[in-house]
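Summary of structural features
As a plain string of letters, each chain reads:
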Amino acid sequence: MVRARRWLIAWGLGYAAVGGASVLVPLYAIALDASLAFVGLIAATAALVGVPGALAWAALAARTNRRRPFVLVALGATAGVLALVPLATTPATVLALNAALWFVVAAAVPVLNLIVVEGAPVDEWDGRIASLNAWQGYGWVAGLVVGTAWTLVVPRFGVDPITGQRLLFLVLAVVATAALLLARVWYPEPSTVSAERFRRVYARLSRSNWGAGRYLRASLYGPTRVFWGLRSLRNGAGSRRDGAGRSNPLAGFSPPLRRYVLAVVVFSLGFAVFWGPVPAFLAERVDDGAVFGVYLAGNLGSAVCYGQAGRLAGRYAPRVVQAGALAGRGALFPGVAVVGVLLPTAALPALAGYALAFGLIGATWAFIAVTTAGIVSRLADESTRGAALGAQAAAAGLATAVGSALGGVVAGAAGYLPTFSLGAALVFAGLALVVIGR
């Protein structure tokens, strides 16, 4: 690695802390007697709270033409928040601290993208952004691995589960502190790319093969995609005014593209209805280490399938590939609840069933993510393509926030099988819109 880009190691290390916390936070809230609706609210809040922070930090970075303070504050605040979570004794406090965590993590996103392209010609920007995403993605997976190992080993020393969770938060805080110290030493040279120039070029980038970080955008805790979607809408050609003078983000898009964005909203809502109560569902059936392991299986399922997804999308019509992936994912959602009913709680067959199911669910995401970008790119013309991709990303992210809260409420009122079935029904409704739009 080029000396000036060693800071990516530090940021990847920081993302390991964030990745571990992404599963640990809902588990800790559940240990503090959080309701199913509240667990969904934690996910929904995390999906939204980073957007205003990112918008504010992007404006400040452009105005001050500085990058270093934002990166250091993000890592320092991550360490501080993770160190404070063990002191929380109520789910509401956990929610507030998790919101603070995602505020600073997402706020750093626009600054990070500026940093990685510093001093590079435009034709190298895709590769540099891919490198950033890869470090983030593999850091995230490393955090899940640490969480899995920790929660499996620590109980052997007589540590009770909630104490083990609190200790793991402190370990993650130490990891984030180490990332802060490394970033302080390895941060690159002063900026050479203006925020305005970056926004102009970013809208033209292909966004293909952007590294392991792509599957992070599948996570419920993903305000990043909402931020970039809103920025694309604000700056892109797709945002126009209607006859009454009101801003209409979809005014510049063709009817087929509008219908497809609606389909994205519907099936994304279904995804989130399922994922919202999943931490509570798993925590009731397996130990914390197994919960981390199941999430790890889902992330790895996505990561290993991106190459095959790209090849199939190039060989067959993207809508056909996406329809198959949506059908498979819709069938798997209630299947997870069935595994919980048929197999004994905490038994090895149940754990294997969950790992297999979530690995397959993760694999379906790879095909959906790849084909979604391809379909939008085909439906949009050259002048509106950047805004169209932004509209799709923002719509999916906002649907994730709404669906996460909805899933928690429905699970608390009706149980997991009806909730997962509702998620599946929304996925199949989105599938129908995809097929009809063809």
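Every chain begins its residue count from 1, and numbering advances along the sequence as written. Since the coordinates come from a predicted model, pLDDT governs what is reported: local features require at least 70, and pairs of side-chain atoms require 80 or more to be given and counted, while whole-chain, interface and lining totals use all residues. Excluding hydrogens and water, the side-chain values take into account all heavy atoms of the structure.

Turning next to the confidence of the model for the protein. Interpretation of this model should avoid reading the predicted coordinates in detail wherever pLDDT is low. Put simply, the protein has an average pLDDT of 80, and 75% of its residues get 70 or more. Segment residues 205-221: pLDDT under 50, and 61 contacts once partners within four positions in sequence are set aside and those in other chains are kept. Per-residue confidence from the predictor is given as pLDDT, running between 0 and 100. Working rule for contacts: check all heavy atoms of both residues, and any pair within 4.5 Å makes them a contact.

So, on to the nonpolar core. Nonpolar core, defined: a set of buried Ala, Val, Leu, Ile, Met, Phe, Trp, Tyr and Cys residues in which side-chain atoms within 4.5 Å join the residues together. Note on classification: 1.4 Å probe, protein chains only; a residue is buried when its accessible area is under 20% of the maximum for its type, exposed when over 50%, partly exposed between these limits. Counting residues in hydrophobic clusters, the biggest one holds 118 residues, and the most contacted among them are Trp 11, Phe 271, Phe 274, Leu 282, Val 336 and Tyr 354. Discounting residues that sit within four places of it in the chain, Leu 282 has contacts with Val 291, Val 294, Tyr 295, Tyr 354 and Phe 358.

For any pair of aromatic rings, the description rests on two quantities: the centre-to-centre distance and the angle between the ring planes. Pairing of aromatic side chains requires ring centres within 6.5 Å, counting the rings of Phe and Tyr and the six-membered ring of Trp. Pairs whose planes differ by under 30 degrees are stacked, by over 60 edge-to-face, and all others tilted. Taken as a whole, this structure holds 17 aromatic pairs when the rule is applied. Ring geometry for Tyr 28 versus Phe 169: centroids 5.5 Å apart, planes at 75 degrees, classification edge-to-face. Within this pair, whereas Tyr 28 is found in helix H1 (residues 7-31), its partner Phe 169 is found in helix H7 (residues 161-186), the two being separated by 141 residues in sequence. Classification of Tyr 28 by relative accessible area gives buried; the value is 0%. A relative accessible area of 0% means that Phe 169 is categorised as buried. For a ring to carry a charge above it, either NZ of a lysine or CZ of an arginine must fall within 6 Å of the ring centroid while also lying within 35 degrees of the normal to the ring plane. When the ring centre of Phe 271 is taken as origin, the NZ or CZ atom of Arg 329, which lies over that ring, is 4.5 Å away. In this text, helices come from DSSP runs of H or I with a minimum length of four residues, and strands from runs of E with a minimum of two, each type numbered from the N-terminal end.

Turning our eyes to something else, we now look at helix H13 (residues 318-342). By definition here, a helix of n residues has an expected span of 1.5 Å times n minus one. For H13, spanning 25 residues, the distance from its first C-alpha to its last is 36 Å, which sits close to the expected 36 Å at 1.5 Å a residue. Residue Phe 333 marks the point of greatest curvature in H13, where the axis turns by about 25 degrees; the proline Pro 334 follows within four residues. At every residue, the bend is computed as the angle between two fitted axes, covering the seven residues ending there and the seven beginning there respectively.

Time to look at unusual backbone geometry. Unusually for a residue other than glycine, Asp 33 sits at a positive phi of about 70 degrees. The topology assignment puts Asp 33 in the loop between H1 and helix H2 (36-64). Judged by its relative accessible area of 70%, Asp 33 is exposed.

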